[in-house]
Amino acid sequence: MASAVSSHPPLSVALVGATGLVGETILEVLAERDFPVGRLLPLASRRSSGRTLRFRGEELAVREAEPAAFEGVDLVFFAATGSLSKELAPEAVTRGAVVIDKSNTWRMDERVPLVIPEINPAALEEHEGIIACPNCTTIGVAMALEPLRRAAGLRRVVVTTLQATSGAGREASEELEAQLAALARNEEPVATVFPSPIAHNVLPLCERFDPDDDGYSTEEMKLLHETRKILGEPDLDVSMTCVRVPVPVGHSASLLVECERALSPEKARRALDAFPGVRVVDDCARNVFPTPRDVAGGDEVLVGRVRRDLTSERLWLWQVVDNLRKGAATNGVQIAETLIERGLL
Ligand SMILES: NC(=O)c1ccc[n+]([C@@H]2O[C@H](COP(=O)([O-])OP(=O)(O)OC[C@H]3O[C@@H](n4cnc5c(N)ncnc54)[C@H](OP(=O)(O)O)[C@@H]3O)[C@@H](O)[C@H]2O)c1
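Residues numbered from 1 in each chain as written. Predicted model: local features only at pLDDT ≥ 70, side-chain atom pairs only at ≥ 80, totals over all residues. Heavy atoms only, no water.

Provide a residue-level description of the site of the ligand, including the pertinent values.
Around the ligand, the structure places 25 residues, and the nearest of them are Thr-19, Val-22, Ser-45, Ser-48 and Ala-80. At 2.9 Å, a backbone N or O of Leu-21 approaches an oxygen atom of the ligand. For the ligand, an oxygen atom lies 2.5 Å from a polar atom in the side chain of Ser-48. For the ligand, whose free accessible area comes to 900 Å², the fraction covered by protein is 79%. Elements with a contribution of two residues or more to the shell around the ligand: helix H1 (21-32) and helix H8 (325-341). Its residues assigned to classes, the shell around the ligand shows 10 nonpolar, 12 polar and three charged. In this structure, the shell around the ligand is formed jointly by two domains, domain 1 (11-134 + 328-341) and domain 2 (137-323), each of which donates at least three residues. (Near = heavy atom within 4 Å. Polar contact = N/O pair within 3.5 Å; in protein donor to acceptor, adjacent residues only side chain to side chain. Areas by Shrake-Rupley, 256 points an atom, 1.4 Å probe, with all protein chains shown as cover. Helix = DSSP H or I, 4+ residues; strand = E, 2+ residues; numbered from the N terminus. Nonpolar A, V, L, I, M, F, W, Y, C, P; charged D, E, K, R; others polar. Domains from an automatic or database assignment.)

Given below as structure tokens:
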């Protein structure tokens, strides 16, 4: 039987940031999942005008993102800059489109649902035109926490992330490759996107420090606030350190989780494995654990190393997610599918 999504009349879809890493992944995911796209409009900056992109075997001309481009469009994915989303998302909504935004701009706005469809799809019912997609790091962490929250409640989480370079966009990805090539030639790596060389290195900073945030990075503050909003736990204690590592794709996180009620590692594994979109990969005896290479190109959140803390009832776990797919593009497309299933688009 045809699903609500596959039998939906074709939609006119615009993609702002179509030439970027997330944008190109959205194109892949829309085609893979057979999302009902009638017309696709790839938009980017003036620099990309005249370029073409392939979608479902067709060459499409990239146009500059400007308000008039949204006339007659049903759905817009924004995967560009935060300032562009701030300026253009309301223009798209005024013209009758629903917006799914990948940037940080609208996530903490009370009027805007911040959604991971496996966790809080009902939040979409309240949408007023703009829906925010969480940060790529938050998506993996929240997907690992929600099954434990449902099984035993959550009291406190300590998280350290190890984040891929592609999480900072195409220029950042290219910087890692250029630095690796320079090191192979015995030359000094040049850092322009990251504050220090990332090749053969680890940087305890993702994004930037904000003087108002008391030594925390902007990425760390996003992880705190977005996790609370998505899980509906406004007082959840979250302590976080976000680290950039020289991995092309796939964010990892080490979590120490304190639940409200006792939860054994065995029960935690069962709860995690039963949750849609999460798979447990955990067999110490055989050196089996999830790595970024295992998730790259896929949509599952993998969890392993589930074990009891040596000095408390808390649980340790290790989680990995493809930051460009479930961490960005796939989650955005799933939001669109859920809107259709709920008759909200
Ligand atoms: N990378 C990730 O893992 C990830 C995960 C979650 C969320 N996000 C968010 O998703 C968004 C896109 O990230 P990305 O990694 O795809 O970045 P990216 O690879 O650097 O791509 C940026 C895109 O934005 C477009 N753009 C930039 N300035 C523009 C302007 N003034 N007008 C129109 N288009 C403009 C670029 O177009 P041109 O090619 O014409 O310059 C390009 O298509 C960001 O908000 C990011 O925070 C990223």
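Moving on from the coordinates now.
Now, about the pattern of salt bridges: what can you tell me, with residues and values included?
In total, this model carries 25 salt bridges according to the counting rule given. For Arg-170, the salt bridge goes to Glu-24, with nearest N and O atoms at 2.9 Å. Linking Arg-170 in helix H4 (residues 170-184) with Glu-24 in helix H1, this pair joins segments that are 146 residues apart in sequence. Its relative accessible area of 30% is what places Arg-170 among the partly exposed residues. (Salt bridge = Lys/Arg side-chain N within 4 Å of Asp/Glu carboxyl O. Buried < 20%, exposed > 50% of the residue type's maximum accessible area, 1.4 Å probe, protein only.)

Can you explain the sheet that holds strand E2 (residues 37-44)? Please cite residues and give values.
Spatial strand order, E5-E2-E1-E6-E7-E8: six strands in an open sheet with parallel pairing. At either end of the open sheet lies a strand with only one pairing partner, and these are strand E5 (63-64) and strand E8 (130-132). Bridge analysis of strand E6 (residues 75-78) against strand E7 (residues 98-101) gives four bridges, and the strand direction is parallel. Within the sheet, the bridge partner assigned to Phe-77 lies in E7 and is Ile-100. (Pairing = 2+ DSSP bridges.)

Got a sec to walk through the packing of helix H3 (residues 136-152) against H8? Specific residues and values, please.
Look at H3 against H8: their axes get within 8 Å of each other, and the N-to-C directions meet at 90 degrees. The angle between H3 and H8 places the two elements in the roughly perpendicular class. Every residue of H8 that contacts H3 at Cys-136, Ile-139 and Met-143 is listed here: Lys-326, Gly-327, Ala-328 and Asn-331. Split by residue class, the contact of H3 with H8 holds four nonpolar, two polar and one charged. (Axes fitted to C-alpha atoms, helices over the stretch in contact; angles between N-to-C directions. Parallel < 35°, antiparallel > 145°, perpendicular 65-115°, else oblique. Contact = heavy atoms within 4.5 Å.)

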